[in-house]
Amino acid sequence: MTPDVRSRDAVSVNFDQVVKFWGEGAVISYLAELEAQSIHILREAVAQAENPVMLYSIGKDSTVMLHLARKAFFPAPLPFPLLHVDTTWKFKEMIAFRDKVADEADIRLIVHTNPECVSQSINPFDHGSSLHTDMWKTQGLKQALDAGEFDLAFGGARRDEEKSRAKERVFSFRTMKHVWDPKNQRPELWNLYNARHARGESIRVFPLSNWTELDVWQYIMIEDIPVVPLYFARQRPVIERHGMTIMVDDERLKLLPGEVIEEKMVRFRTLGCYPLTGAVESEATDLAAIIEEMFVSRSSERQGRLIDHDQAGSMEKKKSEGYF
Amino acid sequence: MKRLSTVKEESSSPFIKSQQEKVLLRIVVCGSVDDGKSTMIGRLLFDSKQIFDDQLEALERDSVRHGTQGESIDFALLTDGLIAEREQGITIDVAYRFFATEKRTFIVADVPGHEQYTRNMVTGASTADLAVIIIDARKGVLTQTRRHSLLVDLLGIKRVVVAINKIDLVNYQHDVFESITSEYLKYASDLHFDEIHFVPICALTGENLIFPSANMDWYRGPSLIEIAENIPTQSNDQDLPFRMSVQAVNRPNSDFRGYMGLVSSGKIAIGDAIQILPSERESRVKGFSDFDGPRTSAVAGESVCLLLEDEVDVSRGDLLSSVSNSASLTDQFEAHLVWFGESPMIPHRSYVLKIGSREVSAQINRLKYRLDVDSNKHLEATSLQMNDIGIVNISTTSVIAFDAYDVNRDNGAFILIDRATNLTVGAGMIRHGLRRYENVRWQSLAIGREQRASLTDQKSFVLWLTGLSGSGKSTIANQIEQIFHQNGLLTYVLDGDNIRQGLNADLGFSESDRAENIRRTAEVSKLFVDAGVITLVSFISPFADERKLARDIVGTGDFFEVFVDAPLDVVEARDVKGLYAKARAGLIPNFTGIDSPYEVPTHPDLRVDTSGASIEECVKMVLRSLHDKGLIESRMYK
């Protein structure tokens with residue numbers, strides 16, 4: 001018998017009558033196992049931290065991570081605040097979604113914008129994606145972590161996203177200067193996580209390390225978790241620039257000669273600063289369609305991120321400098 | 001009610017149903033340098049369509065630049081992610097990769113074959129259900145093959161696939177496959193595998209990875225993936241007795257106490273009797289608190305918040321265990337220890353041991369032997385270097401609850417953490433306890449420290465003076481004791497030289513003996529403090545680890561560390577006891593400052609410089625800061 005791994009293309013997905021629940025007994029499915037492992041990681045991190053915080057980027061991964069945290073500490077409220085490093089260049093719909101989340105009773109949200117960026121009007125058009133990302137996100141994040149004296153920060157990164165992420169530990173040590181040294185990582189065995197650190201040093205914890213993009217979407221669907229509407233296809237005003245489809249989210253995006261705004265049916269697989277985030281043409285207007293689309297997709301989610309493609313090994317460099 | 005955890009009810013969507021039934025299998029892939037591990041994994045991802053077009057484009061670009069396959073795609077570059085790896089063409093760290101077939105989802109740990117990175121190999125193997133060991137058909141069973149197989153065995157993996165790669169380069173010859181198979185089986189007869197599968201593969205072309213090969217009529221067995229799809233998962237064993245390590249207590253208000261943890265083995269349901277270890281108290285499960293609604297039971301692999309019927313004392317680090325088949329208690333055990341630290345393992349040094357969610361102080365009492373992973377022989381050893389494996393006896397300062405590693409993996413595994421650097425320096429697997437812990441509880445006495453203190457009207461504490469020989473520690477201690485004595489305080493000085501003539505007369509000056517010297521002294525100081533006596537300790541105490549240990553033993557609130565500083569040339573010029581001259585002449589080995597290091601305290605409570613200030617000034621400084629910390633009254637230094 002030939003095992004047919006390729007046949008996932010051929011799987012016909014019928015979500016019309018999804019039955020969402022599962023009795024007790026029997027086998028633990030892989031999604032349940034991923035959930036249980038993530039909850040274990042969240043609890044282990046909080047138990048070992050003095051002052052934890054959760055990096056909240058508003059995207060689907062942060063959303064799942066927040067949902068898992070609520071499960072982990074139920075019925076107690078979340079034992080840490082959320083931190084959003086705002087670049088002022090996020091999609092408007094992201095900020096609206098964030099503010100709605102912040103209104104929920106159990107949420108304490110800290111929003112940080114790098115004041116140097118504000119005073120120097122750092123933007124992706126004049127300063128390039130590299131400098132923009134470094135100043136707003138990497139430096140902004142370090143400022144916020146220092147200001148809050150946080151010794152442990154949760155991040156929603158997954159190992160399947162990018163090659164250097166594939167090698168990062170679940171509990172990842174950072175020096176006083178927030179530096180990651182990929183060659184000097186602590187061995188991480190079994191379920192035993194070492195979060196010990198000296199004053200001023202910190203630990204970044206990635207509860208979704210072992211999740212894939214597909215796992216995240218399936219989980220969102222099964223658990224019925226609200227996400228930013230930008231993930232769903234809709235007619236949106238876009239332009240083509242540098243081979244990417246960029247949404248015109250506000251008037252700060254100035255058209256270059258030859259560029260025209262078109263209404264297109266697009267969605268986003270990943271969310272960030274709108275001028276740096278590429279849309280994909282899609283008809284997927286609901287979760288079932290998104291998941292179905294993933295089975296036939298031929299490009300990775302990070303393709304829509306300009307910052308990954310700047311230079312070879314670019315993500316590893318950013319991370320060792322303190323980027324999440 | 002919805003619950004993600006278990007699969008039973010029929011779902012009407014075949015897709016969702018198939019996803020719900022999918023089980024996770026963890027695989028570790030290991031082999032020697034150039035055997036083709038990364039290529040194999042890259043190929044698996046490619047053939048299972050986990051590689052997207054943009055990644056493929058990047059891969060094609062990279063293949064031309066860094067690749068070893070000419071103009072063809074170098075699949076190894078898919079997993080060799082770090083810049084240094086691409087430059088050197090080797091895999092230096094564990095990479096985790098994910099793919100799925102119709103039957104299962106897989107997490108693959110790609111671990112390096114380089115000897116100096118054995119720690120990563122052990123890391124990748126620690127959670128695996130299945131090990132794939134790659135052998136180059138042209139080279140056969142190598143030292144590295146034996147090393148990796150032994151580690152896989154040591155880490156308790158019971159099922160192994162031996163993938164004989166590059167079979168195309170030996171013209172698909174059956175007898176090559178057969179001779180490697182029999183050589184490996186001969187070697188593996190000393191190991192403890194339940195199943196060994198042999199598959200001839202060509203990672204580059206993907207033959208027998210997922211699809212069968214047309215070039216090997218003589219092989220009728222399953223492909224590598226077929227084997228992986230059908231192997232039982234090893235983790236989350238529900239047939240073992242119930243175990244759950246308590247991660248934290250959930251206490252949103254005074255009426256609610258839930259115990260949070262991951263059920264590591266067995267099952268648990270409302271009404272079940274449980275035992276709390278190490279206290280050995282018992283209770284019953286009253287219920288579960290669950291975000292997803294009421295639940296009545298849980299199985300291995302699930303994270304829960306559990307409520308008990310009785311108000312018993314349970315805290316982080318305790319183990320909840322079935323009553324009928326309870327975990328063992330001990331404070332001394334024998335274990336396999338894999339050493340990761342850059343500095344060697346030192347017997348008697350105090351490390352932090354983490355087992356489950358419990359952290360205790362531990363020391364290695366005895367290194368019985370070192371295991372030679374190439375020959376599987378036992379060798380005499382006095383210390384373990386990085387990547388060495390030893391059989392050791394370990395003792396802990398408080399009792400732990402455990403199972404033997406080969407019976408219950410999660411409850412027999414531990415890591416050792418260095419106190420000063422916080423690095424994970426070792427990983428261990430418990431073989432058996434060395435004595436049954438009899439619950440020797442601390443005798444609580446009617447008269448305690450407070451009662452004693454009320455008689456003397458003084459606060460007891462430890463003044464720990466560290467510094468080079470001749471720096472002035474004893475002189476300062478001596479003067480301070482006189483001042484205290486004149487003020488009617490009860491004091492005692494523990495002097496390094498004096499203690500070594502009595503209590504510690506059996507100890508020498510090796511790192512391990514120095515560690516024990518400090519441990520005993522700290523324990524004695526703790527007793528003195530409990531007795532109400534101000535204790536002045538004048539010890540060189542050169543290692544940061546041991547000073548930290550002393551602080552931990554005494555308790556940080558009762559511990560005041562003074563770094564008596566003076567440059568080496570100054571103390572050597574003083575040479576009050578003539579020791580430096582002797583050490584320089586080679587008459588005293590391991591002399592601190594000469595041929596043994598002094599680790600300068602980075603955060604002492606106080607530093608005094610006896611080369612820049614007089615002894616009287618230094619004494620005043622010490623007294624003033626003791627007063628600032630609320631330990632003595634101001635009249636002492638006025």
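Computed from a prediction, not measured in an experiment: that's the story for all the values here.

**Describing the overall build of chain A**
Now for step 1: The number of helices and strands found in chain A is eight helices and 10 strands.
Now for step 2: By the burial criterion, 63% of the 324 residues in chain A qualify as buried.

**Some remarks on the overall build of chain B**
Now for step 1: In terms of helices and strands, chain B carries 17 helices and 27 strands.
Now for step 2: The buried share of chain B, reckoned over its 638 residues, is 58%.
Now for step 3: Within chain B, contacts between residues separated by at least 24 positions form 72% of all contacts whose residues are at least 6 apart in sequence.

**Overview of the packing of aromatic side chains**
Now for step 1: As enumerated under the stated definition, the model contains 23 aromatic pairs over all chains in all.
Now for step 2: Summarising the aromatic geometry, the rings of A:W211 and A:Y219 are spaced 5.1 Å apart at their centres and angled 85 degrees between planes, so their arrangement reads as edge-to-face. In terms of burial, A:W211 and A:Y219 fall into one category: buried.
Now for step 3: Ring centres 5.0 Å apart and planes at 85 degrees place the aromatic pair B:Y580 and B:F591 in the edge-to-face group. Of this pair, B:Y580 sits in helix α16 (residues 579-584) while B:F591 sits in the loop between α16 and β27 (606-609), placing them 11 residues apart in sequence.

**A few points about the confidence of the model for chain A**
Now for step 1: Mean pLDDT over chain A works out to 83, with 82% of the residues at or above the 70 mark.
Now for step 2: Predicted confidence is poor over residues 1-26 of chain A, with pLDDT under 50, and the contacts of this stretch with residues over four places away or in other chains come to 78 contacts.

**Some thoughts on the pattern of salt bridges**
All names here are of chain B.
Now for step 1: Tallied over the entire structure, the rule returns 52 salt bridges over all chains.
Now for step 2: Across the salt bridge formed by D605 and R551, the nearest N and O atoms sit 3.0 Å from each other. You can see D605 sitting in the loop between α16 and β27 and its partner R551 sitting in helix α14 (residues 544-554), a full 54 residues away along the chain.
Now for step 3: Using a relative accessible area of 30% as the deciding quantity, one classes D605 as partly exposed.
Now for step 4: Exposure remark for R551: the relative accessible area of 17% places this residue in the buried category.

**What about the sheet that holds strand β6 (residues 195-200) of chain B?**
All names here are of chain B.
Now for step 1: The strand order β2-β3-β1-β4-β5-β6 describes an open sheet built from six strands, whose pairing is mixed. If you trace the sheet from one side to the other, it starts and ends with β2 (95-100) and β6, each paired once. Strand-to-strand twist in this sheet, taken as the mean axis angle between neighbours without regard to direction, amounts to 25 degrees.
Now for step 2: Bridge count between strand β1 (residues 23-31) and strand β3 (residues 104-110): seven bridges; the pairing is parallel. When the sheet's bridge partners are listed, V28 is paired in β3 with A109.
Now for step 3: Sheet strands in contact with helix α7 (residues 143-154) are β1, β4 (130-136) and β5 (159-165), and its direction is about 175 degrees off that of β4.
Now for step 4: On the sheet, helix α8 (residues 174-188) packs against β4, β5 and β6 and is oriented at approximately 160 degrees with respect to β6.

**Digging into helix α13 (residues 511-530) of chain B**
Residues and elements named next belong to chain B.
Now for step 1: Between the first and last C-alpha of α13 there are 29 Å, a value that for 20 residues agrees with the 28 Å anticipated at 1.5 Å per step.
Now for step 2: Of the residues making up α13, those classed as buried are S512, D513, R514, A515, E516, N517, I518, R520, T521, A522, S525 and V529.
Now for step 3: Looking one or two residues beyond α13, the residue adopting positive phi is G532, at roughly 100 degrees.

**Observations concerning the confidence of the model for chain B**
Now for step 1: Scored by pLDDT, chain B comes out at a mean of 85, with 87% of its residues at no less than 70.
Now for step 2: In the predicted structure, residues 5-12 of chain B sits below a pLDDT of 50 and forms 33 contacts with residues beyond four places in sequence or in another chain.

**Quick word on the pairing of strand β2 (residues 82-85) of chain A**
All names here are of chain A.
Now for step 1: Side chains L82 and H84 project from β2 onto one buried face, and the interleaved L83 and V85 project onto a second face that is buried too.
Now for step 2: Looking at chain direction, strand β1 (residues 52-55) and β2 are connected through two bridges and run parallel. In the strand pairing of β2, L55 is matched with L83.
Now for step 3: In terms of handedness, the path from β1 via helix α2 (residues 60-73) over to β2 forms a crossover that is right-handed.
Now for step 4: For the handedness criterion, the β-α-β arrangement of β2, helix α3 (residues 92-102) and strand β3 (residues 109-112) is classed as right-handed.

**Overview of the sheet that holds strand β24 (residues 491-495) of chain B**
Residues and elements named next belong to chain B.
Now for step 1: In spatial order, the strands read β24-β25-β23-β26-β27; together these five strands make up an open sheet with parallel pairing. The open sheet has two edge strands, β24 and β27, and neither has a second partner. If you compare each strand with its neighbour and ignore which way they point, the axes differ by 20 degrees on average.
Now for step 2: Sheet topology places strand β26 (residues 559-565) next to β27; four bridges connect them, and they run parallel. Within β27, the residue paired with V562 across the bridge is L606.
Now for step 3: Sheet contacts for α14: β23 (462-466) and β26; angle to β26, the most-contacted strand, approximately 155 degrees.
Now for step 4: Along the sheet face, helix α17 (residues 615-628) touches β23, β26 and β27 and points at about 170 degrees away from the line of β27.

**Quick word on the environment of B:R435**
All names here are of chain B.
Now for step 1: In this structure, R435 sits in the loop between β22 (424-433) and α10 (449-456).
Now for step 2: For the pair R435 and Q332, spaced 103 residues apart in sequence, the C-alpha to C-alpha distance is 6.4 Å.
Now for step 3: The residues contacting R435, other than those within four sequence positions of it, are L329, T330, D331 and Q332.

**Some thoughts on the nonpolar core**
When a protein is soluble and globular, its nonpolar side chains tend to lie buried together.
Now for step 1: Judged by nonpolar contacts, the single largest core of 163 residues is most densely connected at A:F154, B:M40 and B:Y184.
Now for step 2: In terms of residue count, helix α1 (residues 30-48) of chain A provides more of this core than any other element does, eight residues in total.
Now for step 3: Judged by nonpolar contacts, the second largest core, of 24 residues, contains B:F560, B:V564, B:L623 and B:Y637.

**Here we look at α7(B)**
Residues and elements named next belong to chain B.
Now for step 1: The terminal C-alpha atoms of α7 lie 16 Å apart, and with 12 residues this matches the ideal 16 Å at 1.5 Å per residue to within 8%.
Now for step 2: Along α7, the positions that sit buried rather than exposed are Q144, T145, R147, H148, S149, L150, L151, V152, D153 and L154.
Now for step 3: Looking one or two residues past α7, G156 carries a phi angle of roughly 85 degrees, positive in sign.

**A short note on unusual backbone geometry**
Across residues other than glycine, the phi torsion is negative in most instances, and most of the peptide bonds are trans.
Now for step 1: Note that the residue after A:F74, namely A:P75, is joined by a cis bond; omega there is 5 degrees.
Now for step 2: Within the fold, A:P75 resides in the loop between α2 and β2.
Now for step 3: Along the chain, B:L277 connects to B:P278 via a cis peptide bond; the corresponding omega equals 10 degrees.
Now for step 4: The topology assignment puts B:P278 in the loop between β11 (273-277) and β12 (281-288).
Now for step 5: Backbone geometry at B:S541 places phi at a positive 35 degrees, although glycine is not the residue there.
Now for step 6: If you trace the backbone, B:S541 turns up in the loop between β25 (534-538) and α14.
Now for step 7: Overall, B:S541 belongs to the buried group, its relative accessible area being 3%.

Definitions and limits used
Residues numbered from 1 in each chain as written. Chains lettered and ligands numbered in written order. Predicted model: local features only at pLDDT ≥ 70, side-chain atom pairs only at ≥ 80, totals over all residues. Heavy atoms only, no water. Helix = DSSP H or I, 4+ residues; strand = E, 2+ residues; numbered from the N terminus. Buried < 20%, exposed > 50% of the residue type's maximum accessible area, 1.4 Å probe, protein only. Contact = heavy atoms within 4.5 Å. Phe/Tyr/Trp six-rings, centres within 6.5 Å; stacked < 30°, edge-to-face > 60°. pLDDT = per-residue confidence, 0-100. Salt bridge = Lys/Arg side-chain N within 4 Å of Asp/Glu carboxyl O. Pairing = 2+ DSSP bridges. Axes fitted to C-alpha atoms, helices over the stretch in contact; angles between N-to-C directions. Expected span 1.5 Å × (residues − 1). Right-handed = clockwise from strand over helix to strand, strands pointing away. Core = buried A, V, L, I, M, F, W, Y, C linked by side-chain atoms within 4.5 Å.

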